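# A closer look at the structure
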Amino acid sequence: SGLIYLTEGKIGEAVAYLERGLALARQSGDHTTIHQMLHDLGFTLLASGEDQRAVCLLEEGLTMAAEIQDRSNTGYFIKGIAAIAVRRTASTRAVRLLGAAHEMLDRAAVPRVRHATQTTLYDQLVNQAQAALGYSVFKEALAEGRLLTVEQAQSEACAIADCIAA
């Protein structure tokens, strides 16, 4: 799969493989596979620094997850959008969104990182935001985000995604 290429550090090959997978999934109309490909390709593009492409796919996946009220995948897509926002601005707004994603994933009793390939990047982004904001501001923003409703978090994620994609 494309994620195997990613674990080997072959990001270009991973992207190409996952793009083919997404195209085939779209052709078949299989929403489950489309959803999975949007996640995997979105996070792979995030890892490669292609933020605008990544955020478009993650927002599309968020919309699909929200339509079927899939809370765990909603959390993953929001976390991806938050990660891009953290990398770009390290703002309290981005960290609040990250806190909202943490809350959704914790409530769904799923790991905050879906694939091992995401762990290093996720840790780097969290450390970047914490260093930029300071520990107490970072923790406060994270806690505020955990209080957002799912609908508030989705709305905020889409607003942030639209700003990044523009």
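For clarity, every value in this text was computed on a predicted model and none was experimentally measured.

Analysis parameters
- Residues numbered from 1 in each chain as written.
- Predicted model: local features only at pLDDT ≥ 70, side-chain atom pairs only at ≥ 80, totals over all residues.
- Heavy atoms only, no water.
- pLDDT = per-residue confidence, 0-100.
- Helix = DSSP H or I, 4+ residues; strand = E, 2+ residues; numbered from the N terminus.
- Phe/Tyr/Trp six-rings, centres within 6.5 Å; stacked < 30°, edge-to-face > 60°.
- Lys NZ or Arg CZ within 6 Å of the ring centre and 35° of its normal.
- Buried < 20%, exposed > 50% of the residue type's maximum accessible area, 1.4 Å probe, protein only.
- Expected span 1.5 Å × (residues − 1).
- Contact = heavy atoms within 4.5 Å.
- Salt bridge = Lys/Arg side-chain N within 4 Å of Asp/Glu carboxyl O.

Moving on: the confidence of the model for the chain. Taken over all residues, the pLDDT of the chain has a mean of 91, while the share at 70 or more is 97%. By mean pLDDT, the top-scoring element of the chain is helix H8 (residues 135-146) (96), and the lowest-scoring one is helix H1 (residues 2-7) (79).

The next subject is the packing of aromatic side chains. The full count for this structure, using the stated rule, is one aromatic pair. Positioned over the ring face of Tyr-122 is Lys-79, at 4.9 Å from the centre of the ring.

This brings us to unusual backbone geometry. A positive phi is found at Gln-69, a non-glycine position, where the angle reads about 55°. According to the relative accessible area criterion, Gln-69 is exposed, its value standing at 59%. Located in the positive-phi region is Ala-109, a residue other than glycine, with phi close to 55°. Tracing the chain through its elements places Ala-109 in the loop between helix H6 (92-107) and helix H7 (119-133).

Here the focus is H6. The terminal C-alpha atoms of H6, which comprises 16 residues, lie 22 Å apart, in line with the 22 Å expected from a rise of 1.5 Å per residue. Every buried residue belonging to H6 is among Ala-94, Val-95, Leu-97, Leu-98, Gly-99, Ala-100, Ala-101, His-102, Glu-103, Met-104 and Leu-105, and all of these are buried. Buried residues in H6 make contact with helix H5 (71-89), H7, H8 and helix H9 (150-165). Following H6 by one or two positions, Ala-109 has its phi on the positive side, about 55°.

On to the environment of Leu-142, then. Within the element layout of this structure, Leu-142 appears in helix H8. Look at Leu-142 and you get buried, because its relative accessible area is 12%. Considered as a pair, Leu-142 and Ala-165 are 23 residues apart in the sequence and their alpha carbons are 24 Å apart. Once residues within four sequence positions are removed from consideration, Leu-142 is found in contact with Val-95, Leu-98, Gly-99 and His-102.

Time to look at the pattern of salt bridges. In total, this model carries eleven salt bridges according to the counting rule given. In this structure, the salt-bridge partner of Glu-60 is Arg-26, at a minimum N-O distance of 2.7 Å. Taken together, the residues Glu-60 in helix H4 (residues 51-67) and Arg-26 in helix H2 (residues 11-28) connect sequence positions 34 residues apart. Residues Asp-51 and Arg-87 are paired through a salt bridge, measuring 2.3 Å at the closest nitrogen-oxygen approach. Remark: Arg-87 occurs in helix H5 and Asp-51 occurs in helix H4; sequence separation between them is 36 residues.

Turning our attention to the environment of Gln-124. With respect to the helices and strands, the residue Gln-124 is situated in helix H7. Spatially, the C-alpha atom of Gln-124 lies 19 Å from that of Glu-140, the residues being 16 residues apart in sequence.

This brings us to the side chain of Thr-74. Note that Thr-74 resides in helix H5. In this structure Thr-74 touches Leu-62, Ala-65, Ala-66, Met-104, Val-150 and Gln-154, once residues within four positions along its chain are discounted.

What follows deals with the side chain of Gln-154. Here Gln-154 shows up in helix H9. Since its relative accessible area comes to 13%, Gln-154 is described here as buried. Beyond its immediate stretch of four places on either side in the chain, Gln-154 contacts Leu-62, Ala-66, Thr-74 and Ile-78.

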